[in-house]
Amino acid sequence: MSLRQYLIKQKTKSGELDNALDSLLPDPNVEKDAETAKTVTVANSSVKDVLQSPNRKRKRGEYSNYSSEQRAKIARYACEHGNTSAAKHFSKLLDKTINESTVRSMKKQYIDELNKTPEKKIVELSRSPKGRPKLLGKYDEEVVDYVKKLRATGAIVNKQILIACATGILEHKCRSMLQENGGHIALHRSWAESFLRRIGFVKRKGTKAARKVPANFDELRVEFLASVSKIISENNIPEELVMNFDQTNISIIHVRNNHQLVDYTSIDV
């Protein structure tokens, strides 16, 4: 609870409130020199003004959305007639207030698009992309594509493997981007987790999905059953204790002297 909230809730007269404030603020009389005492007095006066004033929070304006076509029309009109005229014209046309600053940003984006393709008529003006730019920049899609191919082959995908993939691709494409080569990119586990989440990969254990059947499957099956029968016979295991677990085993990968018991897989949406 803030000091302001504590004091404003007190139903006291003006004099009583002043006394309450004085008891909570630094006492200028205990200061050793006159200059410090004066500074404390001035600061106390400013604090009192804030605490005694009504709590006025600025109300946020209504958020407006504009279609790509509307944004292009507003920006084109602003280029021809000015920002203020465009704001007034479309405020009346759309029956809602459009700030000049909003028009200004649309106009800037419109001009940037014109400079890129001057021969093209711009009829749509999409909103600028939000969020932080991707760490890998233009190489992000290549890493995404490789990781998905890796997963499609049945290989394990986890954070350490992803970091290795991205490092290898950057070493090949632009090794100077990596921090160890003097660049700005440091691939940490937190980045890898965020990357996998963004592309729709989640942690999983082994599933019941069918695996590829090896060419010598019949031979392996006979050997397996013979091995099981031998163990049952040698150890006198009762038939009721012979059980089958019809589940895919958990994938295990050795990582830094630890066993990673989960890997990542994509989700079909």
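Here is what the cut-offs are and how they apply
Residues numbered from 1 in each chain as written. Predicted model: local features only at pLDDT ≥ 70, side-chain atom pairs only at ≥ 80, totals over all residues. Heavy atoms only, no water. Buried < 20%, exposed > 50% of the residue type's maximum accessible area, 1.4 Å probe, protein only. Helix = DSSP H or I, 4+ residues; strand = E, 2+ residues; numbered from the N terminus. Arc of directions from axis to C-beta. Patch = residues over 30% accessible without salt bridge, like charges linked within 9 Å, V, L, I, M, F, W, Y side chains within 5 Å. Areas by Shrake-Rupley, 256 points an atom, 1.4 Å probe, with all protein chains shown as cover. Salt bridge = Lys/Arg side-chain N within 4 Å of Asp/Glu carboxyl O. Lys, Arg positive; Asp, Glu negative; His and termini not counted. Charge placed at Lys NZ, Arg CZ, Asp CG, Glu CD. Core = buried A, V, L, I, M, F, W, Y, C linked by side-chain atoms within 4.5 Å.

The protein chain appears in an unreviewed UniProt entry as HTH CENPB-type domain-containing protein from Mytilus edulis.

(A) Structural view of helix α9 (residues 189-198). Among all positions in α9, only W191, A192, F195 and L196 are buried. The buried residues of α9 occupy an angular sector of 130 degrees when the element is viewed end-on, so they sit on one face. The outward face of α9, more than 90 degrees from its buried face, is lined by the exposed residues S190 and R197. Looking at the residues trailing α9, positive phi occurs at G200, about 85 degrees.

(B) Expanded view of a negative patch on the surface. The grouping of D27, E31, D33 and E35 at the surface amounts to a negative patch. Along the chain, E31 falls in the loop between α2 (14-24) and α3 (34-52).

(C) Geometry of the nonpolar core. Counting residues in each nonpolar core, the largest one holds 23 residues, and the members touching the most others are L136, V143, L162, L187 and W191. Those elements that provide at least two residues to this core are α7 (140-152), α8 (159-174) and α9. Counting residues per element, this core draws most heavily on α8, which supplies six residues.

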